[in-house]
Amino acid sequence: MSATNHSCFVITGSLTREGSVAYLDSDGKWSETLDKAATFSDSETAEDRLAEVRKAESIITEPYISPAEMNGPRLTPLSTREKLRAEGPSTRLRRPDGS
């Protein structure tokens with residue numbers, strides 16, 4: 001890992017109403033964009049914030065901490081599951097009507 005890359009943690013979950021992936025931002029709101037996520041340098045701080053976030057189940061469903069890496073200004077998920085959640089499926093979803 002180069003000097004510009006460092007490990008961190010983000011808090012993610014699914015928006016209760018929409019079902020879409022969301023990330024906690026630095027203002028305490030939910031963003032559907034990973035690059036807007038608040039980053040935590042240690043898991044203890046992330047755990048403390050997660051405990052607060054879990055009280056808002058009407059907004060976010062099953063929030064959890066996910067490891068990530070800062071690559072310059074860009075956040076990159078470390079697990080394959082989180083990469084898929086952040087970037088979407090690798091194949092285009094087709095509707096039954098063919099569009």
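Residues numbered from 1 in each chain as written. Predicted model: local features only at pLDDT ≥ 70, side-chain atom pairs only at ≥ 80, totals over all residues. Heavy atoms only, no water.

Chemist: Can you walk me through the sheet that holds strand S3 (residues 30–31) in this structure?
Modeler: Paired through their backbone hydrogen bonds, the strands of a sheet run either parallel or antiparallel. Sheet architecture is open: 5 strands sit in the order S3-S2-S1-S4-S5, paired in antiparallel fashion. Looking at strand neighbours, the two that pair on one side only are S3 and strand S5 (74–77), the edges of this open sheet. Note that strand S1 (residues 5–15) and strand S2 (residues 21–24) share 3 bridges and pair antiparallel. Within the sheet, the bridge partner assigned to serine 14 lies in S2 and is valine 21. (Pairing = 2+ DSSP bridges. Helix = DSSP H or I, 4+ residues; strand = E, 2+ residues; numbered from the N terminus.)

Chemist: Got a minute to help me understand the pairing of strand S4 (residues 60–71) in this structure?
Modeler: Each regular strand carries side chains that alternate between the two faces of the sheet. Judged from the 10 bridges that link them, S1 and S4 form a sheet pairing that is antiparallel. When the bridges of S4 are listed, leucine 15 appears paired with isoleucine 60. Pairing of S4 with S5 involves 4 bridges; the strand directions are antiparallel. Among the inter-strand pairings, methionine 70 is bridged to a residue of S5, identified as leucine 75. Here S4 hands over to S5 after 2 residues, with glycine 72 in that stretch at a positive phi of 65°.

Chemist: Hey, could you run me through the pattern of salt bridges in this one?
Modeler: If the charged atoms of two oppositely charged side chains come close together, the side chains can form a pair. Considering all chains together, one arrives at 4 salt bridges under this definition. Between glutamate 82 and arginine 81 there is a salt bridge, with its nearest N and O atoms 3.0 Å apart. Assessed through its relative accessible area of 5%, glutamate 82 is described here as buried. Owing to a relative accessible area of 52%, arginine 81 belongs among the exposed residues under this scheme. (Salt bridge = Lys/Arg side-chain N within 4 Å of Asp/Glu carboxyl O. Buried < 20%, exposed > 50% of the residue type's maximum accessible area, 1.4 Å probe, protein only.)

Chemist: Teacher, can you tell me more about the environment of serine 66 here?
Modeler: Owing to a relative accessible area of 4%, serine 66 belongs among the buried residues under this scheme. Taking the C-alpha atoms as reference, serine 66 lies 5.6 Å from phenylalanine 9; in sequence the two are 57 residues apart. Every residue in contact with serine 66, bar those within four places of it in the chain, is listed here: Cys8, Phe9, Val10, Thr12 and Glu82. (Contact = heavy atoms within 4.5 Å.)

Chemist: What am I meant to see in helix H1 (residues 43–53) here?
Modeler: In an α-helix, one turn spans 3.6 residues; hence positions three or four apart end up facing the same way. Here H1 has its buried residues at Ala46, Leu50 and Val53. Buried residues along H1 cover an arc of 55° about the axis, so they all sit on one side. Structural note: H1 exposes Glu44 and Asp48 on the side pointing more than 90 degrees away from its buried face. (Arc of directions from axis to C-beta.)

Chemist: Looking at this model, I keep getting lost on the nonpolar core. Mind explaining?
Modeler: As a rule of thumb, soluble globular proteins bury nonpolar side chains together. Core analysis: the largest hydrophobic core is formed by 10 residues, namely Ile11, Leu15, Ala22, Leu24, Ala38, Phe40, Ala46, Leu50, Val53 and Ile60. For this core, the elements supplying multiple residues, two or more each, are S1, S2 and H1. For this core, the element with the highest residue contribution is H1, accounting for 3 residues. Ignoring any residue separated from it by four or fewer positions in sequence, one finds alanine 46 in contact with Phe9, Ile11, Phe40 and Ile65. The next biggest cluster of nonpolar side chains, apart from the first, holds 8 residues, and it includes Cys8, Tyr23, Leu34 and Leu75. (Core = buried A, V, L, I, M, F, W, Y, C linked by side-chain atoms within 4.5 Å.)

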